[in-house]
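Results of the structural survey
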Amino acid sequence: MRTILIASDHAGFFLKEKLKLYLKKKQFEVKDLGTYSNTRCDYPEFSYNLARQISLGRYRRGILICKTGIGNDIVANRLTGVRAAMCYNVRASRLSRQHNDSNVLVLGSAFVNESLAKRILHVWLNTRFLGGRHRRRINQIRELERQMRKIKR
């Protein structure tokens, strides 16, 4: 069974719960990294925990949800190997996979309703990376990540 990580803050909690059900119907094993209620909380903890699992290679894909998606996107993309893509429409979702080989889908609950979120997610899950010239660009990102690690030392 395919496993996918999912996490949200309080503003994304209800959409997260709907998407978990959708994923389970699609035969995914869903690992929920929180939050577990709509009680106000801070998104960086949840975003970092999910992105860290992707960065370490423990899981291949994840989904982050907060009110706008912006904060989650910022946090997740700070980790090596994470290519988080904030998608507000189906086209962005498709292109994030085809061109950027995104491994974290970021949604903003203030901008996507349940129906649109499911369509975005469906496309994201079922679109393959095109490779070719896009692989060259992903390799450039990896090289930049290596250079940044050297600078931090």
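Above this note sits the structure.
Okay, the side chain of Thr35 next. Note that Thr35 resides in the loop between strand S2 (28–32) and helix H2 (43–55). Classification of Thr35 by relative accessible area gives buried; the value is 9%. Beyond its immediate chain neighbours, meaning those up to four positions away, Thr35 contacts Ser8, Asp9, His10, Phe13, Lys16, Cys41 and Phe46.

Tallying each qualifying case throughout the model produces two aromatic pairs. Where Phe13 meets Phe14, the ring centres are 5.3 Å apart and the plane angle is 65°; that geometry is what we call edge-to-face. Looking at Arg61, its charged tip hangs above the ring of Trp124, at a distance of 4.7 Å from the centre.

Mapping Asp32 onto the fold places it in strand S2. Distance in space between the C-alpha atoms of Asp32 and Gly62 is 9.8 Å, their sequence separation being 30 residues. Here the side chain of Asp32 touches Gly34 through a polar contact of 2.8 Å, landing on its backbone nitrogen.

By secondary structure assignment, the location of Ser96 is in helix H4 (residues 90–98). Looking at Ser96, the relative accessible area reads 4%, which means it is buried. A distance of 2.9 Å separates a polar atom in the side chain of Ser96 from a polar atom in the side chain of Ser102. Among residues more than four places away in sequence, those in contact with Ser96 are Ala85, Cys87, Asp101, Ser102 and Trp124.

On to the packing of H4 against helix H5 (residues 114–126), then. At their nearest, the axes of H4 and H5 sit 8 Å apart, and the two run at 20° to each other. The angle between H4 and H5 places the two elements in the roughly parallel class. Along this stretch, H4 crosses H5, giving a crossing that reads as right-handed. Across the interface between the two elements, Val90, Ser93, Arg94, Ser96 and Arg97 of H4 pack against Leu116, Arg119, Ile120, Val123 and Trp124 of H5. Class assignment for the residues of the contact of H4 with H5 results in five nonpolar, two polar and three charged.

For the coordinates displayed, the defined rule picks out eight salt bridges. We note a salt bridge from Asp32 to Lys16, for which the minimum N-O separation is 2.8 Å. Taken together, the residues span a long stretch of sequence, with Asp32 in strand S2 and Lys16 in helix H1 (residues 13–25) at a distance of 16 residues. Of the residues examined, Lys16 reaches a relative accessible area of 0% and is grouped as buried. A salt bridge links Asp101 to Arg97, with the shortest nitrogen-to-oxygen separation between them at 2.9 Å. Note on accessibility: Asp101 and Arg97 belong to one class, buried. Within the structure, one salt-bridge network assembled from shared partners comprises Lys16, Glu17, Lys20 and Asp32.

Scoring rules and cut-offs
Counting restarts for each chain, with residues numbered from 1 along the sequence as it is written. In keeping with the predicted nature of the model, local features appear solely for residues at pLDDT of at least 70, side-chain atom pairs appear and are counted solely at 80 or more, and the whole-chain, interface and lining totals rest on all residues. The basis for every side-chain value is the complete set of heavy atoms in the structure, and neither hydrogens nor water enter the calculation. Starting at the N terminus, helices and strands are each numbered in turn, a helix being any DSSP run of H or I of at least four residues and a strand any DSSP run of E of at least two. Throughout, exposure labels follow a simple rule: accessible area from a 1.4 Å probe, protein chains only, divided by the maximum for the residue type, with under 20% read as buried, over 50% as exposed, and the rest as partly exposed. By the convention used here, residues are in contact when the closest approach between their heavy atoms is within 4.5 Å. The criterion for an aromatic pair is that two Phe, Tyr or Trp rings (for Trp, the six-membered ring) have centres within 6.5 Å, with stacked assigned to planes under 30 degrees apart, edge-to-face to planes over 60 apart and tilted to the rest. The rule for a charge over a ring is simple: NZ of Lys or CZ of Arg within 6 Å of the ring centre, and within 35 degrees of the ring normal. Any pair of nitrogen or oxygen atoms within 3.5 Å is treated as a polar contact; in protein, a donor-acceptor pairing is required on top of that, and neighbouring residues in sequence qualify only through side-chain atoms on both sides. The axes used here are C-alpha line fits, helices contributing only the stretch in contact, and every angle between their N-to-C directions lies in the interval 0 to 180 degrees. Just so you know how the angles are binned, under 35 degrees is roughly parallel, over 145 roughly antiparallel, 65 to 115 roughly perpendicular, and the rest oblique. Left-handed is the label given to a crossing in which the near helix is rotated counterclockwise from the far helix by less than a right angle, and right-handed is the label when the rotation is clockwise. Each residue is assigned to one of three groups, with Ala, Val, Leu, Ile, Met, Phe, Trp, Tyr, Cys and Pro labelled nonpolar, Asp, Glu, Lys and Arg labelled charged, and all others, Gly among them, labelled polar. Salt bridges are identified by distance alone: a Lys or Arg side-chain nitrogen within 4 Å of an Asp or Glu carboxyl oxygen.

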